[in-house]
Amino acid sequence: MVHMRIIENEQLKVCVSDHGAELCSIYNKKTEREVIWTADPAYWNRHAPVLFPFVGKVTGGFYTYEGRKYPMGQHGFARDREFLFVDSGDTFIRHRLAADEESRKVYPFDFELEIVHKLEGNCVTVEWKVFNPGKKKMYFSIGGHPGFCIDENAGSRLVFGEQETLSRVAIDPKTEGVDVEHPEIIALQQGVYQVEPDTFDKDALIFDHGQVKQVSLEKADGTRLVTLRCPDALSVGIWSPVGKQAPFICLEPWIGRCDNSGFTGELKDKFDVQSLEPGESFRTAYDLLIGE
């Protein structure tokens, strides 16, 4: 049985599941519309999973730590685990996940991951806290994968502010890694990128090196649906399923990401991997501004 936690105000109603501590709904009371993707399995059966302790895929489905190979599925395992519901109030919901015997089989680190969803006005904040209670340095990546409902995929607009160009890297379909050797320069028109029918034919649009700190998703007529604000993101992925013209687009803030094409090195050398010494903690957050 799925346990759903709810917070709401005059503008929004927010639902978060204990399963994966996943943001499952943001209902906009003003427009009477659901903002978060509905997880229709015909397209994609998730809403807004947390990606931890890996973002994306690792080469060959394995990663190497201190000379030993460990299996790891796409986007880690946190999204498929039951989190402990810690507490909630009028404006927040708090969940926690800790290392256990099952997680140590594929990820040999002690960890605590706390996820807090906060609501203030028309803003939903997703906060991540990672703590290393163990006796050795731990390595991790973490990311968000929220999907947002749209009437039509093609014709939608992505608004990046005052930037004139962005450097995009793509996922190589042969290696399933990121092809960093052949970046593509994307020209923006007054900060706007128009979504076309072929936009996601090469999988996600990936923008590395902290290029994107804010991006808005708009309908074709310029109506703004949501703004992602992610000041700490090292990479941002923008995704919709290849070839499906799905009625949603994901705006994904990442700290760390999938492997570069051909990478088979140690975990410590993985692209943008984060580390924590024993007793250290890490905190970051992203905001979803609804209708701005």
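Preceding block: the structure.
Since the structure is predicted, the reported quantities are computational estimates derived from the model, not experimental observations.

Digging into the overall build of the protein chain
- Looking only at helices and strands, one finds one helix and 25 strands in the protein chain.
- Rg of the C-alpha trace for the protein chain: 18 Å, near the compact-globule value of 19 Å for 292 residues, within the 12% margin.
- Judged by the C-alpha coordinates and their principal axes, the protein chain covers about 55 × 50 × 35 Å.
- Out of the 292 residues in the protein chain, the part that is buried amounts to 52%.

Here we look at the sheet that holds strand β3 (residues 23–28)
- Within the open sheet, the four strands sit side by side as β1-β2-β3-β4. Their pairing is antiparallel. If you trace the sheet from one side to the other, it starts and ends with β1 (4–8) and β4 (33–34), each paired once.
- Where β1 lies against strand β2 (residues 12–17), five bridges are found, and the strand directions are antiparallel. Residue I6 lies in a different strand from β2, and its bridge partner there is C15.

Thoughts on unusual backbone geometry
- A cis amide bond, omega 0°, links F52 with the succeeding residue P53.
- Backbone geometry at D203 places phi at a positive 70°, although glycine is not the residue there.
- Tracing the chain through its elements places D203 in the loop between β18 (192–194) and β19 (205–207).
- The class of D203 is partly exposed, set by a relative accessible area of 25%.

As for the side chain of N122
- Within the element layout of this structure, N122 appears in the loop between β10 (112–120) and β11 (123–131).
- N122 gets classed as buried once you look at its relative accessible area, which sits at 15%.
- Ignoring anything within four residues of it in the chain, the contact list for N122 reads Q11, L12, L288, L289, I290 and E292.

A few points about the side chain of T284
- Tracing the backbone through its elements, the reader meets T284 in strand β25 (residues 281–290).
- For T284, the side chain forms a polar contact with the side chain of D232, separated by 2.8 Å.
- Those residues in contact with T284 that lie beyond four places of it in its chain are V126, E127, W128, D232 and I255.

A few points about the pattern of salt bridges
- Under the definition given, this model contains 24 salt bridges.
- When the shortest N-O distance is used, the salt bridge between K129 and E127 registers 3.7 Å.
- By relative accessible area, which is 3% here, E127 ends up buried.
- The salt bridge partner of R157 is E218, with a shortest N-O separation of 2.9 Å. Note that R157 is positioned in strand β15 (residues 157–159) and E218 in strand β20 (residues 214–218), a separation of 61 residues in sequence.
- Accessibility expressed as a relative area gives 22% for R157, which makes it partly exposed.

Some details on empty space enclosed by the protein
- Applying the stated criterion to the full structure yields two cavities of 30 Å³ or more.
- Around the largest cavity, the lining residues are A21, E22, L23, A48, P49, V50, I115, H117, V126, W128, G144 and Y286.
- When residues of the lining of the largest cavity are traced back to their parent elements, those giving at least two are β10 and β11.
- When grouped by side-chain class, the residues that make up the lining of the largest cavity number nine nonpolar, two polar and one charged.
- A volume near 50 Å³ is recorded for the second largest cavity.

Considerations on the layout of surface pockets
- Of the pockets and cavities examined, the largest pocket occupies roughly 430 Å³.
- Taken together, 17 residues form the lining of the largest pocket, with K57, Q74, I171, D203 and W239 sitting closest to its centre.
- In the lining of the largest pocket, the residues fall into eight nonpolar, four polar and five charged.
- Taken as a whole, the second largest pocket holds about 320 Å³ of empty space.
- Element by element, the count of residues in the lining of the second largest pocket is highest for strand β21 (residues 224–229), at three residues.
- Of the residues belonging to the lining of the second largest pocket, the class tally is seven nonpolar, six polar and five charged.

Each value, and the rule that gives it
- Throughout this description, residue numbers start from 1 for each chain and increase along the sequence as written.
- A pLDDT threshold of at least 70 governs which residues receive local features in this predicted model, and a stricter bar of 80 or more applies before side-chain atom pairs are shown or counted, although totals over entire chains, interfaces and linings include all residues.
- Computation of side-chain values covers all heavy atoms of the structure but excludes hydrogens and water.
- Working definition: helices are DSSP H or I runs of at least four residues, strands are E runs of at least two. Numbering for both runs from the N terminus.
- For the radius of gyration, the atom set is restricted to C-alpha positions; the globular benchmark scales as 2.2 Å times the number of residues to the power 0.38.
- Each residue gets one of three labels from its accessible area relative to the maximum for its type: buried under 20%, exposed over 50%, partly exposed in between, using a 1.4 Å probe on protein chains only.
- Strands were regarded as paired on the criterion that DSSP finds at least two bridges between them.
- When checking whether two residues touch, look at their non-hydrogen atoms; a contact exists if any pair is within 4.5 Å.
- By the criterion applied in these results, polar contacts are pairs of N or O atoms within 3.5 Å in which, for protein atoms, one can donate a hydrogen and the other can accept it, and in which residues neighboring in sequence qualify only through two side-chain atoms.
- Counted as salt bridges are all cases of a side-chain nitrogen of Lys or Arg within 4 Å of a carboxyl oxygen of Asp or Glu.
- Here a cavity means grid points, on a 1 Å grid over the protein atoms only, where a 1.4 Å probe fits yet cannot get out; a pocket means an open set of points with protein on both sides within 12 Å along at least five of seven lines; lining residues are those with an atom within 4 Å of a point.
- Grid points are joined across faces, edges and corners, and a volume is the space filled by probe spheres set on the points.
- Asp, Glu, Lys and Arg are counted as charged, while Ala, Val, Leu, Ile, Met, Phe, Trp, Tyr, Cys and Pro are counted as nonpolar; the rest, among them Gly, fall into the polar class.

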